[in-house]
Structures are given as structure tokens and as C-alpha cells.
Amino acid sequence: MKEVPAYVIYFKDRSNCSRIESVKPGQDIPILVVPENALMAQPLRAIGSRSDNGENFKVTVHTPDGEDVHTWSYEWLKYDAIPLYKPEA
């Protein structure tokens, strides 16, 4: 069985960060991700979904082998990760 890489949110793109910061509960948005083991790789398109209660943010990456899904705390993304990694204007 082929090992599927884990994917992480691509924080180097300001518009990617801005979409995540402004997503409403229950809304799906396009986002960019990169393989966790190749952070300098070309970003891939994925779908980001904020939970209906607003607490979590799920990222779904469609791969040839199926879907790769990761979930993060929305509060952590918005108030800790994005301010730390988002590029300056």
C-alpha cells in the first residue's frame, strides 16, 4: 500500500490566510495546502470547511487514492497559527 503524505495549510499565501480568517460557520472555501514532508512544493488546491458550530476547521485534499482529511481547532488557526505565519503586506 502506498503511503499518502499528510498535508498542511499553506500559510505563505496571504489570500489563503484571509479566506480562512473570514470563513463563516458551515461554509466551505477553496484553500491551498502543501505536503507536510515537502513544504517548498507547489501548493495544491483543497477544500476547507468550518464546522456548523464554528469550533473546527476541516481540510479535505482529494488524492488519487481517495481523500486525506485533517481537522484543526478554528480558534487556534485564527488566533495563533495565522498571525504567526501569515506574510506581512
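Above this text you will find the structure in question.
Cut-offs applied
Residues numbered from 1 in each chain as written. Predicted model: local features only at pLDDT ≥ 70, side-chain atom pairs only at ≥ 80, totals over all residues. Heavy atoms only, no water. Helix = DSSP H or I, 4+ residues; strand = E, 2+ residues; numbered from the N terminus. Rg over C-alpha atoms; globule rule 2.2 N^0.38 Å. Areas by Shrake-Rupley, 256 points an atom, 1.4 Å probe, with all protein chains shown as cover. Lys, Arg positive; Asp, Glu negative; His and termini not counted. Charge placed at Lys NZ, Arg CZ, Asp CG, Glu CD. Pairing = 2+ DSSP bridges. Axes fitted to C-alpha atoms, helices over the stretch in contact; angles between N-to-C directions. Contact = heavy atoms within 4.5 Å.

### Notes on the overall build of the protein
The secondary structure content of the protein amounts to 2 helices and 5 strands. Listing the helices and strands of the protein from first to last along the sequence gives β-α-β-β-β-β-α. The globule rule puts the C-alpha radius of gyration for 89 residues at 12 Å, and the 13 Å found for the protein is close to it. Projected onto its principal axes, the C-alpha positions of the protein cover 35 × 30 × 20 Å. Element-wise, carbon and sulfur atoms account for 51% of the exposed surface of the protein, whose accessible area totals about 5,800 Å². Separation of charge centres in the protein, based on 10 positive and 13 negative side chains, amounts to 8 Å.

### Details of the sheet that holds strand β5 (residues 66–73)
Taken together, the 5 strands give an open sheet; going across it, the order is β1-β2-β3-β4-β5, and neighbouring strands pair in antiparallel fashion. The sheet is open, and its two edges are formed by β1 (7–9) and β5, each paired on a single side. Pairwise comparison of adjacent strand axes, ignoring direction, gives a mean angle of 40° for this sheet. Pairing geometry for strand β3 (residues 44–50) and strand β4 (residues 56–63), over 4 bridges, is antiparallel. Residue pairing in the sheet places S49 in a bridge with K58 of β4. Contacting β1, β2 (28–35) and β4, helix α1 (residues 14–22) runs over the sheet at an angle of about 135° to β2. Against the sheet, helix α2 (residues 74–85) engages β1, β3, β4 and β5, with an angle of about 65° to β5.

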